[in-house]
Amino acid sequence: MTNEAARAITRRQREQVIRVKPIDVAQVQQEASHATADVLGGLPGDQWTVYHDVRWADRRYAAIDHVVLGPPGIFVVTTKSWPGRITVGQGQVRQNGIAREAAVTEATDAAEALATMVTTVDARHVHPVLCFTRDEWLTGRADDVLVCSSANVDTMLLGRPARLRSDEIRAAARQLEAGFRQASAKAAAPVVRASRHGDRVRRPMRLFLRPDAIATGLLLGFAVIALIWPQLMDGLAGWFVGLF
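Remember, it's a predicted structure, so these values are computed and weren't measured experimentally. (Residues numbered from 1 in each chain as written. Predicted model: local features only at pLDDT ≥ 70, side-chain atom pairs only at ≥ 80, totals over all residues. Heavy atoms only, no water.)

1. Observations regarding the side chain of Ser149
As a reminder, the rule being used: Secondary structure counts use DSSP, requiring at least four H or I residues in a row for a helix and at least two E residues in a row for a strand, with both numbered from the N terminus. Only protein chains enter the calculation, and the probe is 1.4 Å; a residue is then buried if its accessible area is under 20% of its type maximum, exposed if over 50%, and partly exposed in between. Whether two residues are in contact is decided by their heavy atoms, any of which lying within 4.5 Å being enough.
The residue Ser149 is located in strand E9 (residues 145-149) in this model. Look at Ser149 and you get buried, because its relative accessible area is 0%. When near neighbours in sequence (up to four residues on either side) are disregarded, Ser149 contacts Cys131, Phe132, Arg134, Glu136, Trp137 and Leu138.

Given below as structure tokens:
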């Protein structure tokens, strides 16, 4: 085989690229969250309350995947659907051997934000959780974050010691629901931005026209046209005659 022929084969092989359909990350994450929600839905309803896809306090666009309230406390669950091998050890979560500190920070921030909404529960009983969607069990801790999988998240929660009385759980539920409503209302409110120039705040000028003002303007316009119409017609007639 000549060098030219070999190069031609190599070129054809490079052109025959297998195009893989792009992964819809949002859809994958949504499916993972639904899978975890199905498992959490199996917790005893007389003792546990589960909230899904709730707004953060003071965060317009962020949402918490799941909030679980029960006798052991409040668990703020962040769901992840990562491919590859997940390990927990030495205070870290690793994916294929690579530390994923951002996910741990995300879960911690979510729990801290939610703890500010509930004054009836000690912050020590508000726990961040990283839950990975997979069939095998995961157990461990990354700093203060509990790590589990969708296969054992319910077992992990049920196995923790009770910390809250029934009245404390009911009071926490009322505060959580009020906080969620407030956060959702803020998320739905329009954002008003002001541009700063030096120490002055300059806001865009707005022009408001009332219906009565519009009607008055139209009437004045018609009156002006009626007044000048005869002179306009006379001028046009003179111009036309002048052409001949």
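Now, onward.
2. Some points on the environment of Glu168
Rule in force here: Nitrogen and oxygen atoms within 3.5 Å of one another constitute a polar contact, given that in protein one can donate a hydrogen and the other can accept it, and given that sequence-neighbouring residues count only through two side-chain atoms.
Mapped onto the secondary structure, Glu168 falls in helix H5 (residues 166-188). Here Arg165 takes part through its backbone nitrogen, which lies 2.8 Å from a polar atom of the side chain of Glu168.

3. Concerning the side chain of Arg134
Mapped onto the secondary structure, Arg134 falls in the loop between strand E7 (126-132) and strand E8 (140-142). With relative accessibility at 14%, the residue Arg134 sits in the buried group. At a separation of 2.6 Å, a polar atom in the side chain of Arg134 contacts the main-chain carbonyl oxygen of Trp82. In this structure Arg134 touches Trp82, Pro83, Gly84, Ile86, Ser149, Ser150 and Ala151, once residues within four positions along its chain are discounted.

4. Focus: the sheet that holds strand E6 (residues 98-99)
Pairing between the strands of a sheet comes from backbone hydrogen bonds, and it takes one of two forms, parallel or antiparallel. Definition in use: Paired strands are those between which DSSP finds at least two bridges.
One open sheet accounts for three strands, arranged E4-E5-E6; its pairing is antiparallel. Both outer strands of the open sheet, strand E4 (86-89) and E6, are each paired with one neighbouring strand and no more. In this structure, strand E5 (residues 92-95) lies alongside E6, joined through two bridges in antiparallel fashion. Among the inter-strand pairings, Gln95 is bridged to a residue of E6, identified as Ile98.

5. Some remarks on the pairing of strand E3 (residues 73-80)
Burial analysis of E3 places eight of its eight residues in the buried class, the great majority of the element. Bridging between strand E2 (residues 63-70) and E3 involves five bridges; their strand directions are antiparallel. In the sheet register, Val68 faces E3, and the bridge partner there is Phe75. Between the antiparallel neighbours E2 and E3 lie two residues. The pairing of E3 with E7 spans seven bridges and is parallel. Residue Phe75 lies in a different strand from E7, and its bridge partner there is His127.

Fair warning: the whole summary comes from geometry, so function is off the table for now.
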